[in-house]
Amino acid sequence: MALVGKKFPDLNVDAMNDMGDTFKVNVLEEAVNNKKKVVLFWYPKDFTFVCPTELHAFQAALPEFEKRNTIVIGASCDTPEVHFAWLSQAKDNGGIEGVTYPILADSNRNLSNILGILDITNETFDEETGTVQVEGDNVTYRATYIIDEDGVVQHESINNMPLGRNVGEYIRLVDALTHVQEKGEVCPANWEEGKEAMAPNAKGTAAYLAAN
């Protein structure tokens, strides 16, 4: 289900921070109430392989997101307790010690199910037990959302499990969104902050292509 152009789901989810505090986070309210953009990134599992590299990469870029009035939130289907165990493990031992942004613990899979990002390849109904049996790990793909100050999803993307993200691309997208909001222009291919953008009309396109 594509969410671009729509409000992010209004749902409270358990979260954990580096202090060991469990609390509720509503991503939509984080954006709207704080008048900030939100970058929400999902990863499959704690204590795995590609995942800690991404969490540390987002942590390293946190000052850049904060300069852009943007909140970073991680998320997986692990429990808060498992998150804290991983947060307590040293980086040189595969842990994510030093990560300070909140991490959602969607262990009941309410939000990830709404978003449609779970690794479920098939579902069958077992008439004998009255239960639904799933095939797949029932964990999330590497989904990423950029949500604006009104709670509207402006970007969503999903990587398969082995494909780690380029965090710099999300900084670029936040810059592009801010440029569109403030200047009323649109951002062409490979646009970066400081480069020429385009007026959103045929003359603007022609002028840009003639110069580039």
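What you are looking at is a predicted structure, and each value in this text was computed from that prediction instead of being measured. (Residues numbered from 1 in each chain as written. Predicted model: local features only at pLDDT ≥ 70, side-chain atom pairs only at ≥ 80, totals over all residues. Heavy atoms only, no water.)

1. Brief notes about the nonpolar core
Spelled out, the test is: To qualify as a nonpolar core, a set must consist of buried Ala, Val, Leu, Ile, Met, Phe, Trp, Tyr and Cys residues joined through side-chain atoms within 4.5 Å. Summary of the burial criterion: residues with accessible area below 20% of their type's maximum are buried, those above 50% are exposed, and those between are partly exposed, where the area comes from a 1.4 Å probe applied to protein chains only. Runs of E in the DSSP output that reach at least two residues are strands. Runs of H or I that reach at least four are helices, and both are numbered from the N terminus. Should any heavy atoms of two residues lie within 4.5 Å, those residues are counted as being in contact.
Ranked by internal contacts, the top residues of the largest apolar core, which has 24 residues, are L55, F58, F65, Y101 and I103. Contributions of two or more residues to this core are made by β3 (37-42), α2 (50-60), α3 (62-67), α4 (80-87) and α6 (167-183). It is α6 that provides the largest number of residues to this core, a total of six residues. Contacts of L55, omitting those with residues within four sequence positions, involve F41, Y43, W86, I96, V99, Y101 and I103. Listed in part, the 21 residues of the second largest apolar core include V13, V27, W42 and L104.

2. Let's talk about the UniProt feature "active site" (unreviewed entry) in the protein chain
Where we set the bar: UniProt positions are given in the numbering used here, feature names are shortened, and annotations may be inferred rather than shown by experiment.
On the UniProt side, "active site" (unreviewed entry) is annotated at positions that read C51 here. The topology assignment puts C51 in helix α2. Setting aside its immediate chain neighbours within four residues, C51 contacts Y43, P44, K45, W86 and R142.

3. Comments concerning a nonpolar patch on the surface
Selection rule: Residues forming no salt bridge and having over 30% relative accessible area are the ones grouped into patches, like charges within 9 Å of each other and nonpolar side chains (Val, Leu, Ile, Met, Phe, Trp, Tyr) within 5 Å. Exposure was quantified through the Shrake-Rupley algorithm and a 1.4 Å probe, taking into account, for residues, occlusion by the shown protein chains and nothing else. Note on definitions: salt bridges are taken to be side-chain nitrogens of Lys or Arg within 4 Å of carboxyl oxygens of Asp or Glu.
A cluster of nonpolar side chains, contributed by F125, V132 and V134, occupies part of the molecular surface with about 280 Å² of accessible area. Counting through the fold element by element, V134 comes out in strand β7 (residues 131-135). Exposure remark for V134: the relative accessible area of 36% places this residue in the partly exposed category.

4. A word on the packing of aromatic side chains
A ring pair, where both rings are aromatic, is described by two values, the distance of the centres and the angle of the planes. Operational definition: For this analysis, a ring pair means two rings from Phe, Tyr or Trp (six-membered ring only for Trp) whose centres lie within 6.5 Å, classed as stacked if their planes differ by under 30 degrees, edge-to-face if by over 60, and tilted for the remaining angles.
The final tally for this structure, using the stated rule, is eight aromatic pairs. Arranged with centres 5.9 Å apart and planes meeting at 45°, the rings of Y43 and W86 form a pair that is tilted. Pair noted here: Y43 is in the loop between β3 and α2 and W86 is in helix α4, with a separation of 43 residues, a long-range link. Of the two residues, Y43 and W86, both sit in the buried class. Ring centres of F58 and F65 lie 6.2 Å apart, and the angle between their planes is 25°; on these two criteria the pair is classed as stacked. What makes F58 buried here is its relative accessible area of 0%. By relative accessible area, F65 is classed as buried at 0%. In this structure an aromatic cluster arises from ring pairing among F41, Y43, F47, F58, F65, W86, Y101 and Y170.

5. Things to note about α6
As a reminder of what qualifies: To estimate how far a helix should reach, multiply one less than its number of residues by 1.5 Å. Each polar contact in these results corresponds to two N or O atoms within 3.5 Å; when the atoms are within protein, one needs to be able to donate a hydrogen and the other to accept it, and residues that are neighboring in sequence are counted only if both atoms are side-chain atoms.
Over its 17 residues, α6 runs 24 Å from end to end, which matches the ideal 24 Å to within 8%, given 1.5 Å per residue. Residues of α6 that are buried: V167, Y170, I171, L173, V174, D175, A176, L177, T178 and H179. The inward-facing, buried residues of α6 abut β3, α2, α3, β4 (70-76), β8 (142-147) and β9 (153-159). Its side-chain oxygen placed 3.0 Å from the backbone nitrogen of G168, N166 serves as the N-cap of α6.

6. Regarding the pairing of β7
The condition that has to hold: Pairing between strands requires that DSSP locate at least two bridges from one strand to the other.
Examined bridge by bridge, strand β6 (residues 122-126) and β7 share five bridges and lie antiparallel to one another. What sits directly across from T124, in β7, is Q133.

7. A closer look at the pattern of salt bridges
With the rule as written, the count across this model stands at nine salt bridges. Among the ionic pairs, K67 bridges to E64, the shortest N-O distance being 3.2 Å. Residue K67 and its partner E64 are located together in helix α3, separated by three residues, close to a single helical turn. Accessibility expressed as a relative area gives 62% for K67, which makes it exposed. Residue E64 is classed as partly exposed on the basis of its relative accessible area, which comes to 30%.

8. Quick word on the side chain of H179
Of note, H179 is situated in helix α6. Polar contacts involving the side chain of H179 include one to the side chain of E185, which spans 2.8 Å.

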